[in-house]
Amino acid sequence: MAAPPPTDLELPMGPRTRLYRFFEAVPAAISFTAVGLVLVLPFVDAMLGAVYVLSIVGLMFVRAMLGAIHVARGSLRFRRSARVDWAARLTDLERVLDGRPSLAHPRGGFRAADHAAIVAKVSADPDSIMRPSALLHAVVVAAYNEPYPVIADTIRTLLHTSTKPEQLLVFFAHEERGGPAMAQTARRLEAEYGHRFGVFVLVEHPAGLPEEIAGKGANITYAGHLLAEWVRDEAIDPRRVIVTSLDCDNIPHGSYFDCVAYEYATAPDRERLSFQPISLYITNIWDVPAPSRVVASANCFWNLTTTVRRIALRNFASHAQPLTALVEMGFWSKRTIVEDGHQYWRSWFHFDGDYRVVPVHVPIFQDAVLAGSTPVLLPARGARHPRLDLDHHRHRRLDPLRRGYADGAGHLGGGGHADDRGHHSADRHDRTHRVRRGVQCAAAAPARPRPARTLCDDVAAVAALSAHAARVQLLDRAVLAMVAAHRPLPRTLRRHGEEGRRSVPVNR
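Residues numbered from 1 in each chain as written. Predicted model: local features only at pLDDT ≥ 70, side-chain atom pairs only at ≥ 80, totals over all residues. Heavy atoms only, no water.

Caption draft 1: Broad picture of the packing of aromatic side chains. Under the defined criterion, the tally for this structure stands at 13 aromatic pairs. Summarising the aromatic geometry, the rings of Phe331 and Trp332 are spaced 6.0 Å apart at their centres and angled 40° between planes, so their arrangement reads as tilted. Residue classification places Phe331 among the buried residues on the basis of a relative accessible area of 1%. The class of Trp332 is buried, set by a relative accessible area of 2%. Here Tyr344 and Trp345 contribute two aromatic rings whose centre-to-centre distance is 4.9 Å and whose plane-to-plane angle is 85°, an arrangement assigned as edge-to-face. According to the relative accessible area criterion, Tyr344 is buried, its value standing at 9%. Classification of Trp345 by relative accessible area gives partly exposed; the value is 39%. Members of the aromatic cluster, joined through ring pairs, are Tyr344, Trp345, Trp348, Phe349, Phe351 and Tyr355. It is Arg270 that lies over the ring of Tyr264; its NZ or CZ is 5.9 Å from the centre. (Phe/Tyr/Trp six-rings, centres within 6.5 Å; stacked < 30°, edge-to-face > 60°. Buried < 20%, exposed > 50% of the residue type's maximum accessible area, 1.4 Å probe, protein only. Lys NZ or Arg CZ within 6 Å of the ring centre and 35° of its normal.)

In structure tokens form, the structure reads like this:
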């Protein structure tokens with residue numbers, strides 16, 4: 001682990017050569033040329049222009065059809081994978097390694113046949129996998145100057161996954177540029193939640209370090225080096241550590257860490273893999289304006305598509321990678337804002353092409369961009385996702401709304417700390433948002449023990465309210481149809497009109 005990281009994987013600093021700039025401009029030149037030919041070719045040759053336009057339309061139609069199929073396949077795999085009790089599958093592997101028979105499991109579950117084959121392989125060759133209980137998950141949470149309620153939601157969520165908190169090594173990487181408020185937030189998080197994890201380390205990234213630009217890549221790389229030193233000082237085998245990088249507003253699925261551990265433990269070439277969950281921008285989807293909602297939905301569709309199209313699967317947003325591989329290549333890039341996509345090519349070149357991304361069919365929920373107004377939102381939208389924009393500037397969320405489990409148990413209207421309620425004028429709006437996100441998360445969550453007041457109870461209440469609303473709407477439509485046809489109302493509908501929340505005007 002003491003080998004110096006390679007220097008040829010980093011982006012150059014300062015002026016670029018003409019050849020370098022040429023290759024940087026090639027993708028943009030191809031894109032603008034393809035669009036410009038639609039306008040230019042008809043004036044040069046009408047037939048050639050018509051053929052070109054029809055070819056583009058046909059290609060887009062085929063891509064749209066294939067995209068719809070891949071989205072449906074990705075969504076199906078997500079739903080099936082989210083129902084799997086990955087902790088139970090890890091227990092199966094543990095039992096087989098201990099010489100005991102595996103537990104009974106549904107034969108029709110997601111990749112159940114593959115799991116049975118792995119169990120049989122482990123029975124014959126116990127050294128073919130790593131022992132799951134020995135694995136540790138290092139979680140590097142990056143923050144700049146986000147408020148305490150936003151970050152606390154993420155930290156609390158880590159405590160309520162199916163993985164034991166003792167197996168989570170949380171390195172909270174915050175920026176010195178965030179100022180005293182950010183430092184105070186970090187100390188408060190450590191005081192309130194630090195003792196509940198295997199380890200909770202505060203890492204302040206100094207401002208103005210040489211050979212780097214300000215951004216998430218430099219921040220988490222600085223924390224990664226401290227993580228490697230801590231592992232070495234604690235005499236922990238680095239092959240046991242899987243590193244996940246998170247933004248401070250990310251909400252991992254309850255079985256995310258167990259799913260990653262399963263894929264890592266059973267893979268023969270585990271040190272040359274990275275593990276990519278599904279990034280879903282839905283935690284505040286009902287709170288953002290329509291333009292941001294449309295783009296966030298498109299990103300969700302694309303991320304679902306890439307899970308079934310291995311050729312298009314790349315490191316995106318939050319992902320996991322073995323600590324050994326990260327140490328070899330010097331962790332992430334310190335000279336780019338888009339460190340996630342760049343990490344794929346760093347790994348690919350470092351391992352001479354012997355590298356691949358393994359899809360993890362469970363999500364990490366994230367925020368869509370929220371700004372004060374649409375004119376502010378549109379540039380923020382492109383800046384939040386520089387993969388879709390040429391400017392390559394990262395956007396920090398504007399006026400973030402508090403999301404998620406207020407008290408960690410998942411019940412609605414929970415309290416947490418009194419000062420966690422923020423400065424928003426509509427607490428009712430915030431509670432409604434928590435209900436929506438709770439439904440989305442709980443619909444795919446595996447069965448596991450919960451406190452007496454469970455999220456499932458709240459979801460059932462929401463479902464009952466939704467069913468009642470649908471029933472009221474159906475009855476209203478029946479009343480309107482009968483009134484329009486000048487037919488007398490049945491007694492049940494008259495009673496509904498008298499006792500219901502809404503009345504239907506009748507012209508006599």
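Caption draft 2: Local environment of the packing of helix H5 (residues 148-159) against helix H6 (residues 179-193). Close contact between H5 and H6 brings their axes to 11 Å; oriented N to C, the two are set at 30°. In this view, H5 runs roughly parallel relative to H6, as classed from their interaxial angle. As H5 packs across H6, the resulting crossing turns out to be right-handed. Facing Tyr148, Ile151, Ala152, Ile155, Arg156 and Leu159 of H5, the residues of H6 in contact are Met182, Thr185, Arg188, Leu189, Glu192 and Tyr193. Its residues assigned to classes, the contact of H5 with H6 shows eight nonpolar, one polar and three charged. (Axes fitted to C-alpha atoms, helices over the stretch in contact; angles between N-to-C directions. Helix = DSSP H or I, 4+ residues; strand = E, 2+ residues; numbered from the N terminus. Parallel < 35°, antiparallel > 145°, perpendicular 65-115°, else oblique. Left-handed = near helix turned anticlockwise from the far one by under 90°. Contact = heavy atoms within 4.5 Å. Nonpolar A, V, L, I, M, F, W, Y, C, P; charged D, E, K, R; others polar.)

Caption draft 3: Molecular detail of the packing of helix H2 (residues 46-83) against helix H9 (residues 290-306). Put simply, H2 and H9 touch, their axes get as near as 7 Å, and they point 80° apart. Considering their axes alone, H2 and H9 lie roughly perpendicular with respect to each other. Note on element contacts: H9 touches H2 through Phe301, Leu304 and Thr305, opposite Gly67, His70, Val71, Gly74, Ser75 and Phe78. Tallied by class, the residues present in the contact of H2 with H9 amount to four nonpolar, five polar and no charged.

Caption draft 4: Spotlight on the pairing of strand S2 (residues 168-175). Of all eight residues in S2, eight are buried; the element is thus mostly enclosed. By the alternation rule, side chains of S2 split into Leu168, Val170, Phe172 and His174 and Leu169, Phe171, Ala173 and Glu175, which are all buried. When strand S1 (residues 136-143) meets S2, the two strands line up parallel, connected through seven bridges. Bridging across to S2, Ala138 finds its partner in Leu169. Once you follow S1 into H5 and on to S2, the crossover reads as right-handed. Relative to strand S3 (residues 199-205), S2 runs parallel, the two sharing seven bridges. Residue pairing for S3: Phe171 is matched across the bridge by Val201. A crossover links S2 with its parallel partner S3, the connecting element being H6, and its sense is right-handed. (Pairing = 2+ DSSP bridges. Right-handed = clockwise from strand over helix to strand, strands pointing away.)

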